[in-house]
There are 2 protein chains.
Amino acid sequence: MLLNASPDLRQQILANPGLAPQGEPRDSPIRAVVATNADIDHIAGLLSLREGWPFRLYGTVDVLDAIGENPVFRVLADSLVERIIVAPETPFEPIPGVVLTLFAVPGKVPLWSETGMVETAVDDGRTVGVAIGNGSGTLACYIPGCATLPMPLQQRLRDVDTILFDGTLFADDEMIAAGLGHKTGRRMGHMPISGEGGSLAAFAGLGTGRKIYVHINNTNPILIDGSPEREQVIAAGWEVAEDGMEIAL
Amino acid sequence: MLLNASPDLRQQILANPGLAPQGEPRDSPIRAVVATNADIDHIAGLLSLREGWPFRLYGTVDVLDAIGENPVFRVLADSLVERIIVAPETPFEPIPGVVLTLFAVPGKVPLWSETGMVETAVDDGRTVGVAIGNGSGTLACYIPGCATLPMPLQQRLRDVDTILFDGTLFADDEMIAAGLGHKTGRRMGHMPISGEGGSLAAFAGLGTGRKIYVHINNTNPILIDGSPEREQVIAAGWEVAEDGMEIAL
């Protein structure tokens, strides 16, 4: 999750796609990064933000420890990239006017640190969602990975205007059915969209405002325009995120 | 350095840019990867090749140890990605008909493992070039990082038909002059193109065949069409590599 501080910089980027903002020999609109877990798809991108540009990196102690203990992330120089440990349920303001609160969601340890039997829905702060607010209320929640949706989490999401939620797989066994792996979505720490205990069912009665699937695997048929699965999620009031999507809060 | 085994797969990719080859639900033309050092720009891409596709990973003991000791690279499952340690000056055949030989070139430890004073031109196998042959001779050499070009290395390159060589910076101090850093090219383990001891001078008398600059930093003016620096390297018989370039050996 990348946070962009300046509307001016943003306008410059929109006007010059592919270019860094003008005025400095090099620049980046990224002022802060929040890592919601320590899996490769959430932290490897940090290696593309190296070297020489300052930003702040936020996460829970487990996530920042995983990054801090790994030598390749030393390319993010301590003098430029401040690591800030944030406890769940503790609001912080990474850029002016944007107040975030991390909250634990059910998940598992990163794939690269799995050993032996793996608990796939542990609620210990290794995987978090992000409540995005303006100081006077929650405007949106970002939850790219979530293994189950227990009642307290459902309650938290009930009054949220916009939710960006884990849309990894449509069917829990779709990777197995396609011959592309031996793991279910739940084994990977992702509740499926469809079926009993899926996110379509879990959100059906919550009255959440805008609902957007993110973190969508390339086996997921909701990516295909006109597919029955895409029609089904749209009929249930969901949107399917796409590159370049803009969300006004 | 990625090695593609199958002309058929390659034709499929060329005919369907952006698509995986057809015939399997997922596929990749990559059969083997050779890591020439353990800096981020040479190993972080491995994290994008995960999971579930088999290939072989070759490198010297120092480079493969750096990868093997780092937990995030466990996403490349041992059962699928065989690590093969190769000693310098020992030919190996990662795909049929292609014989490679690694050779030590002057370089430094990876940025992420620097501590204290750093020797920037050590010839110990942590940084290598790759001689690419067909079993009966060297057809090309790939050297994306090289701190100096001592006489034995010059001798090796004298009879090579095609060389792909470190073109990181044009001027040793160009990042400092641009206000973009405090390091020279040599401090980063890269000999400059221009000036005394630069690659233009070092290759001037070698009679190498086709010479192509690769690994070009985004401060390097040879990237700009029509720049005096680009004209200078072209006048000296060099080419400037670009995305999608094809090289027939």
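Here is what the cut-offs are and how they apply
- Starting from 1, residues in each chain are numbered consecutively following that chain's sequence as written.
- Here the convention is simple: chains get letters from A, ligands get numbers from 1, in the order in which they are written.
- Selection of residues for local features in this predicted model requires a pLDDT of at least 70, selection of side-chain atom pairs for listing and counting requires 80 or more, and totals for whole chains, interfaces and linings are taken over all residues.
- Only hydrogens and water are set aside; all other atoms, that is, all heavy atoms of the structure, feed into the side-chain values.
- When the copies are superposed, the least-squares fit draws on C-alpha atoms of residues that have pLDDT of at least 70 in both.
- Only heavy atoms matter for contacts: two residues are in contact if any of them lie within 4.5 Å across the pair.
- A 1.4 Å probe rolled over the protein chains alone gives each residue an accessible area, and that area as a share of the maximum for its type sets the label: buried under 20%, exposed over 50%, partly exposed in between.
- Starting at the N terminus, helices and strands are each numbered in turn, a helix being any DSSP run of H or I of at least four residues and a strand any DSSP run of E of at least two.
- Place the viewer so that the strands point away; then a crossover is right-handed whenever the path from the first strand over the helix to the second strand goes clockwise.
- One bridge is not enough; two strands pair if DSSP finds at least two bridges between them.
- What the arc describes is the spread of directions from the helix axis to the C-beta atoms.
- Every axis corresponds to a line fitted to the C-alpha atoms, with the helix fit spanning only the stretch in contact, and the corresponding angles, defined between N-to-C directions, vary from 0 to 180 degrees.
- Each residue gets a pLDDT score, which is the predictor's confidence in that residue and runs from 0 to 100.
- Each reported salt bridge corresponds to a side-chain nitrogen of Lys or Arg within 4 Å of a carboxyl oxygen of Asp or Glu.

**Here's the deal with the relation of the copies chain B and chain A**
Expressed as a screw operation, the relation of chain B to chain A combines 0.0 Å of axial shift with a rotation of 180°, fitting to an RMSD of 0.0 Å. Look at the turn and shift together and you get a two-fold axis relating the two. Proximity to the rotation axis, assessed at the C-alpha, singles out B:Asn70 in chain B; its C-alpha lies 3.4 Å from the axis. By residue overlap, the copies meet face to face through one surface: 100% of the interface positions of chain B are interface positions in chain A.

**Brief notes about the pairing of strand 9 (residues 162-166) of chain B**
Look at any regular strand and the pattern is simple: side chains alternate between the two faces of the sheet. All names here are of chain B. In terms of residue burial, strand 9 counts as a mostly covered element, since five of its five residues are buried. Where the polypeptide runs from strand 8 (residues 138-143) across helix 4 (residues 151-158) and back to strand 9, its parallel neighbour, the crossover connection is right-handed. Of the pairings in the sheet, the one linking strand 9 to strand 10 (residues 210-214) comprises five bridges and is parallel in character. Residue pairing across strands places Ile163 opposite Lys211, the latter belonging to strand 10.

**Notes on helix 4 (residues 151-158) of chain A**
What helix 4 of chain A keeps buried is the set A:Leu153, A:Gln154 and A:Leu157. One side of helix 4 of chain A holds all its buried residues, which, seen down the axis, span an arc of 105°.

**Some words on the side chain of B:Thr208**
Mapping B:Thr208 onto the fold places it in the loop between helix 6 (199-204) and strand 10. Beyond its immediate stretch of four places on either side in the chain, B:Thr208 contacts B:Leu157, B:Arg158, B:Val160, B:Ile163 and B:Phe203.

**What to know about the sheet that holds strand 11 (residues 238-240) of chain A**
All names here are of chain A. In space, the seven strands of this open sheet follow the order 5-6-7-8-9-10-11, with mixed pairing throughout. Edge positions in the sheet fall to strand 5 (92-95) and strand 11, since each has one partner strand and no second. Here the average twist between neighbouring strands, direction ignored, is 30°.

**A short note on the confidence of the model for chain A**
Residues and elements named next belong to chain A. Of the residues in chain A, 90% have a pLDDT of 70 or more, and the chain-wide mean is 89. The spread of mean pLDDT over the elements of chain A runs between helix 1 (residues 7-15), the lowest at 51, and helix 7 (residues 228-235), the highest at 98. Every residue in residues 17-22 is under pLDDT 50, and counting partners more than four places away or in other chains gives seven contacts.

**Considering the pattern of salt bridges**
Under the definition given, this model contains 16 salt bridges over all chains. For A:Asp225, the salt bridge identified is with A:Arg230, shortest N-O distance 3.4 Å. For A:Arg230, a relative accessible area of 15% puts it in the buried group. Put simply, B:Arg156 and B:Glu89 hold a salt bridge, and the shortest N to O gap is 2.4 Å. Note that B:Arg156 is positioned in helix 4 and B:Glu89 in the loop between strand 4 (81-85) and strand 5 (92-95), a separation of 67 residues in sequence.

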